[in-house]
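An overview of the molecular structure
Listed here are the chains, written in short residue letters.
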Amino acid sequence: MALVKRAVALLTAMTLMLELIHAAVYKVGDSAGWTTSGTVDYKQWSATKTFQVGDVIIFEYNAQFHNVMRVTHAMYRACNTSAPLATYTTGNDSITIKTRRHHFFFCGVPGHCQIGQKVDINVLQSDQMAQTPSSVPSTPVPSAKVPGSSISNAFSLKSPFGSIGLTVLAMFLINLEALLC
Ligand SMILES: *[C@@H]1O[C@H](CO)[C@@H](O)[C@H](O)[C@H]1NC(C)=O
Ligand SMILES: *[C@@H]1O[C@H](CO)[C@@H](O)[C@H](O)[C@H]1NC(C)=O
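Residues numbered from 1 in each chain as written. Chains lettered and ligands numbered in written order. Predicted model: local features only at pLDDT ≥ 70, side-chain atom pairs only at ≥ 80, totals over all residues. Heavy atoms only, no water.

- As recorded in an unreviewed UniProt entry, the protein goes by Phytocyanin domain-containing protein and comes from Salix purpurea.

Pasting the structure below:
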């Protein structure tokens, strides 16, 4: 029983470590940024990414012509700009993903959402690492608290935790081996 508890604790630690190691910065549309130029298929862009809690999403655009609104699924589907959950207008907005679910964004300038300036950031809930109930409270990531400075935090978290994470992984595998033998 003690061994199982220990394995579960290790697994929980591993989950948190992996989330921190994997924290990444994504610029929506890559080099094209957030635009209506027609060169970016945001659905395709998003479909090729595996987003994780702690990741930072950057919207870069000309603030004279575009903006960013976070909306509900219903608003996203209907391109309904009347009551956004949040609006960003700096032209260089970084948003830290804090929860496992869909995060819907579009440009609130009339007509832009309709022609495809909308993106669904889907942080998978079915991630197998998240299945242990004990890992549920482990989602808060220090970098998530200060959206403005989150990019540097996301990067700085990576390196110190990287090597520790590998050590923990090694320890975990050794323990697992001991459990199975
Ligand atoms: C847009 O959303 C608002 C608030 O949810 C709602 O009251 C309104 O009916 C919606 N408009 C359309 C055209 O769906
Ligand atoms: C946007 O902000 C990031 C840091 O927050 C910075 O590295 C990048 O150069 C900025 N881009 C522009 C176009 O200002």
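That shown, we press on.
1. Comments concerning the overall build of the protein
- Scanning the protein for helices and strands turns up four helices and seven strands.
- Ordering the α and β elements of the protein from the N terminus gives α-β-α-β-β-α-β-β-β-β-α.
- Each of the 181 residues in the protein was classed as buried or not, and the buried ones make up 41%.
- Look at the contacts in the protein between residues 6 or more apart in sequence, and 74% of them connect residues 24 or more apart.
- Total accessible area on the protein stands at roughly 9,900 Å², and carbon and sulfur atoms take up 63% of it. (Helix = DSSP H or I, 4+ residues; strand = E, 2+ residues; numbered from the N terminus. Buried < 20%, exposed > 50% of the residue type's maximum accessible area, 1.4 Å probe, protein only. Contact = heavy atoms within 4.5 Å. Areas by Shrake-Rupley, 256 points an atom, 1.4 Å probe, with all protein chains shown as cover.)

2. Re the confidence of the model for the protein
- Here the protein averages 78 in pLDDT, while 64% of its residues score no lower than 70.
- In the model, residues 127-164 has pLDDT below 50 throughout and makes 51 contacts with residues more than four positions away in sequence or in other chains. (pLDDT = per-residue confidence, 0-100.)

3. Some points on the sheet that holds strand 7 (residues 118-122)
- The antiparallel open sheet is built from four strands, whose spatial order is 4-3-6-7. Here the strands that pair on one side only, and so sit at the sheet edges, are strand 4 (86-88) and strand 7. Across the sheet, the mean angle separating the axes of adjacent strands is 25° when strand polarity is ignored.
- Relative to strand 4, strand 3 (residues 68-71) is paired through three bridges, and the arrangement is antiparallel. When the sheet's bridge partners are listed, Arg70 is paired in strand 4 with Ala86. (Pairing = 2+ DSSP bridges. Axes fitted to C-alpha atoms, helices over the stretch in contact; angles between N-to-C directions.)

4. What to know about the pairing of strand 3
- For strand 3 and strand 6 (residues 102-106), the ladder comprises three bridges, and the chain directions are antiparallel. In the strand pairing of strand 6, Arg70 is matched with Phe105.

5. As for the nonpolar core
- Membership of the largest hydrophobic core comes to 20 residues, with the highest contact counts inside it found for Val28, Trp34, Ile57, Phe59, Val119 and Ile121.
- Beyond its immediate sequence surroundings of up to four residues, Ile57 is in contact with Tyr26, Val28, Phe51, Asp93, Ser94, Ile95, Ile97 and Ile121. (Core = buried A, V, L, I, M, F, W, Y, C linked by side-chain atoms within 4.5 Å.)

6. Thoughts on the environment of Thr90
- Residue placement: Thr90 occurs in the loop between strand 4 and strand 5 (92-96).
- Note on Thr90: relative accessible area 59%, which makes it exposed.
- Each C-alpha atom, one on Thr90 and one on Gln64, is 9.6 Å from the other, the two residues being 26 residues apart in sequence.
- Apart from residues lying up to four places away in sequence, Thr90 is in contact with Tyr61 and Ala63.
- One polar contact links the side chain of Thr90 to the main-chain amide nitrogen of Asn92, over a distance of 3.0 Å.
- Of the polar contacts made by the side chain of Thr90, one reaches the side chain of Asp93; its length is 2.3 Å. (Polar contact = N/O pair within 3.5 Å; in protein donor to acceptor, adjacent residues only side chain to side chain.)

7. Digging into the pattern of salt bridges
- Enumeration according to the criterion identifies one salt bridge in this entry.
- Lys27 is the partner of Glu60 in a salt bridge, and the nearest nitrogen-oxygen pair spans 3.2 Å. Linking Glu60 in strand 2 (residues 56-60) with Lys27 in strand 1 (residues 25-27), this pair joins segments that are 33 residues apart in sequence.
- Owing to a relative accessible area of 27%, Lys27 belongs among the partly exposed residues under this scheme. (Salt bridge = Lys/Arg side-chain N within 4 Å of Asp/Glu carboxyl O.)

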